[in-house]
Amino acid sequence: MLNHVAVTTFSQEGWKVYGKRFVDSFLKHWDIPLFVYSESQPAPFKSDRLYWFNLDNDQDRAAFIKRNSTPEKIGSRMNFNMQSIRFCHKIFAVTFPDVESRWRIWLDADVETHSTVNQDALAELCPEDSKLVYLGRKQAVWKDQAPYPECGYVAYRTEDPKVKQLLKGMREVYTTDK
């Protein structure tokens, strides 16, 4: 079993706009495998740390999108809390069942890494006494709004039974339309 893996997803357009920079900077600065769940974007090159999957082959995701592609369910651009289709790609990628690791690190694909992320850095980013790590915010981004977490980096200690149950439950929210 691998100790750490990173997971991300993006569309074909996302590859052009930010995904290529993300993958290039990741492979330059991280020394762990990267699992990319793309939306019909074929793997542009090979690396011994890059694993590329077509997220469109996830039948749960395809069924969710088909059931929920109505205007009232897509949500408003101004209210990201109601944009279930926009964010479902992340949930289906991070809960993809075939990744075996102690830690699964979600990284948004618009992240660029500028410094080395070695085993010492990973020990800080994924502390042994933690089960789930994310970037919190102390204040809201916009006036009169409650703070919300920055989920561009989330690390799940997937060997923990409670975290396994959390990931299963996250997927079920989408597969059951809860």
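On a predicted model such as this, the values are computed, not experimentally measured, just so you know.

Q: Is there a simple way to explain the packing of aromatic side chains in this structure?
A: The geometry of an aromatic ring pair is captured by the separation of the ring centres together with the interplanar angle, meaning the angle of the planes. Taken as a whole, this structure holds 13 aromatic pairs when the rule is applied. An aromatic cluster is defined as three or more aromatic residues linked by ring pairs; in this entry it consists of Phe 35, Tyr 37, Tyr 51, Phe 53 and Phe 96.

Q: How should the nonpolar core be read in this particular structure?
A: Among soluble globular proteins, nonpolar side chains are generally buried collectively. Of all hydrophobic cores here, the largest spans 23 residues; its most connected members are Val 23, Phe 26, Trp 30, Leu 34, Ile 105 and Leu 107. When residues no more than four places from it in sequence are discounted, the contact partners of Val 23 are Phe 10, Trp 15, Leu 34, Val 36, Phe 45, Leu 50 and Trp 52. Counting 21 residues, the second largest nonpolar core, distinct from the first, contains Tyr 37, Trp 106, Val 154 and Val 163.

Q: Even after reading the chapter, I still don't get the environment of Val 5, so can you show me in this structure?
A: Positionally, Val 5 belongs in strand β1 (residues 2-11). The class of Val 5 is buried, set by a relative accessible area of 0%. Residues Val 5 and Ile 32 lie 27 residues apart in sequence; the distance between their C-alpha atoms is 5.8 Å. Apart from the residues lying within four places of it in its own chain, the contact partners of Val 5 are Ile 32, Pro 33, Phe 35, Val 99, Ser 101, Trp 103, Arg 104 and Ile 105.

Q: Looking at this model, I keep getting lost on the layout of surface pockets. Mind explaining?
A: Any empty space left between the atoms is revealed when a probe the size of a water molecule rolls over them. Put simply, the second largest pocket is a space of about 290 Å³. In this structure, the second largest pocket is lined by 14 residues; those nearest its centre are Pro 97, Val 99, Arg 104, Lys 164 and Leu 167. Of all elements in the fold, only β4 (101-107) and α6 (161-175) reach the threshold of two or more residues within the lining of the second largest pocket. When residues in the lining of the second largest pocket are grouped by element, the largest group, four residues, is from α6. Per-class residue counts for the lining of the second largest pocket are five nonpolar, three polar and six charged.

Q: Sorry if this is basic, but what is going on with the pattern of salt bridges here?
A: Opposite charge on two side chains permits them to pair, given that their charged atoms come into close proximity. All told, the structure shown has 13 salt bridges when counted by the stated rule. Between Asp 24 and Lys 20 there is a salt bridge; the shortest N-O distance is 2.7 Å. Placement of the pair is Asp 24 and Lys 20 together in helix α1 (residues 12-29), with a separation of four residues, close to one helical turn. Taking the relative accessible area as the measure of exposure, Asp 24 reaches 33% and is therefore partly exposed. Assessed through its relative accessible area of 40%, Lys 20 is described here as partly exposed. Here Asp 177 ties to Arg 67 by a salt bridge, and the two come within 2.7 Å at their closest N and O atoms. Placement of Asp 177 in the segment after α6 and of Arg 67 in helix α2 (residues 59-67) is noted, with a sequence separation of 110 residues between them. Accessibility expressed as a relative area gives 34% for Asp 177, which makes it partly exposed.

Q: So what exactly am I meant to see when it comes to the environment of His 114 here?
A: Of note, His 114 is situated in the loop between β4 and α5 (119-125). Owing to a relative accessible area of 63%, His 114 belongs among the exposed residues under this scheme. Between the alpha carbons of His 114 and Ser 25 there is a distance of 7.0 Å; along the sequence they are 89 residues apart.

Q: So what exactly am I meant to see when it comes to the sheet that holds strand β6 (residues 150-157) here?
A: By definition, the strands of a sheet pair up through backbone hydrogen bonds, in either a parallel or an antiparallel sense. Reading across from one edge, β3-β2-β1-β4-β6-β5 is the order of the six strands in this open sheet, with mixed pairing throughout. Each having just a single partner strand, β3 (50-54) and β5 (132-135) make up the two edges of the open sheet. Taken pair by pair, the neighbouring strands of this sheet meet at an average axis angle of 20°, ignoring direction. In the sheet, strand β2 (residues 34-39) pairs with β3 via five bridges, with the strands oriented parallel.

Conventions used here
Residues numbered from 1 in each chain as written. Predicted model: local features only at pLDDT ≥ 70, side-chain atom pairs only at ≥ 80, totals over all residues. Heavy atoms only, no water. Phe/Tyr/Trp six-rings, centres within 6.5 Å; stacked < 30°, edge-to-face > 60°. Core = buried A, V, L, I, M, F, W, Y, C linked by side-chain atoms within 4.5 Å. Buried < 20%, exposed > 50% of the residue type's maximum accessible area, 1.4 Å probe, protein only. Contact = heavy atoms within 4.5 Å. Helix = DSSP H or I, 4+ residues; strand = E, 2+ residues; numbered from the N terminus. 1 Å grid on protein atoms, 1.4 Å probe; cavity = no way out; pocket = protein on both sides within 12 Å on 5 of 7 lines; lining within 4 Å. Points joined across faces, edges and corners; volume = space filled by probe spheres on them. Nonpolar A, V, L, I, M, F, W, Y, C, P; charged D, E, K, R; others polar. Salt bridge = Lys/Arg side-chain N within 4 Å of Asp/Glu carboxyl O. Pairing = 2+ DSSP bridges. Axes fitted to C-alpha atoms, helices over the stretch in contact; angles between N-to-C directions.

In short, geometric facts, not functional conclusions.
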